[in-house]
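Take a look at the letters that make up each chain.
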Amino acid sequence: MAIAAAAPLENSRQIANIAAAAWAKEATAAERADARKLKSAASLRPILPSALPDAEDRSLSENPDRGFA
């Protein structure tokens, strides 16, 4: 808005003020969208497993008594 106030012509000031207001609305919308994404990602975190199973876990093998082929 400081650039708009410093514009030498009234028409230029009006256009710059309108553009500044539009950019402010876009920034607000982008911040809200980012907040929604973070909130949805945070809500999915408890559903995901905390760690992958150990590679040596015999219960994942087709033949747990013999280990991996």
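The structure displayed is predicted, hence computed values, not measured ones.

So, about the overall build of the protein chain. When helices and strands are counted, the protein chain shows two helices and zero strands. Split into buried and exposed, the 69 residues of the protein chain put 6% on the buried side.

Moving on, we come to the pattern of salt bridges. One pass over the full model with this rule turns up one salt bridge. Two residues, glutamate 10 and arginine 13, come together in a salt bridge whose shortest N-O distance is 2.9 Å. Residue glutamate 10 and its partner arginine 13 are located together in helix α2 (residues 10-44), separated by three residues, close to a single helical turn. According to the relative accessible area criterion, arginine 13 is partly exposed, its value standing at 24%.

Here the focus is the environment of alanine 6. The residue alanine 6 is located in the loop between α1 (2-5) and α2 in this model. Remark: the alpha-carbon pair of alanine 6 and alanine 16, spanning ten residues in sequence, is separated by 9.9 Å.

Calculation rules
- Residues numbered from 1 in each chain as written.
- Predicted model: local features only at pLDDT ≥ 70, side-chain atom pairs only at ≥ 80, totals over all residues.
- Heavy atoms only, no water.
- Helix = DSSP H or I, 4+ residues; strand = E, 2+ residues; numbered from the N terminus.
- Buried < 20%, exposed > 50% of the residue type's maximum accessible area, 1.4 Å probe, protein only.
- Salt bridge = Lys/Arg side-chain N within 4 Å of Asp/Glu carboxyl O.

Keep in mind that these numbers describe shape and distance, not what the molecule does.
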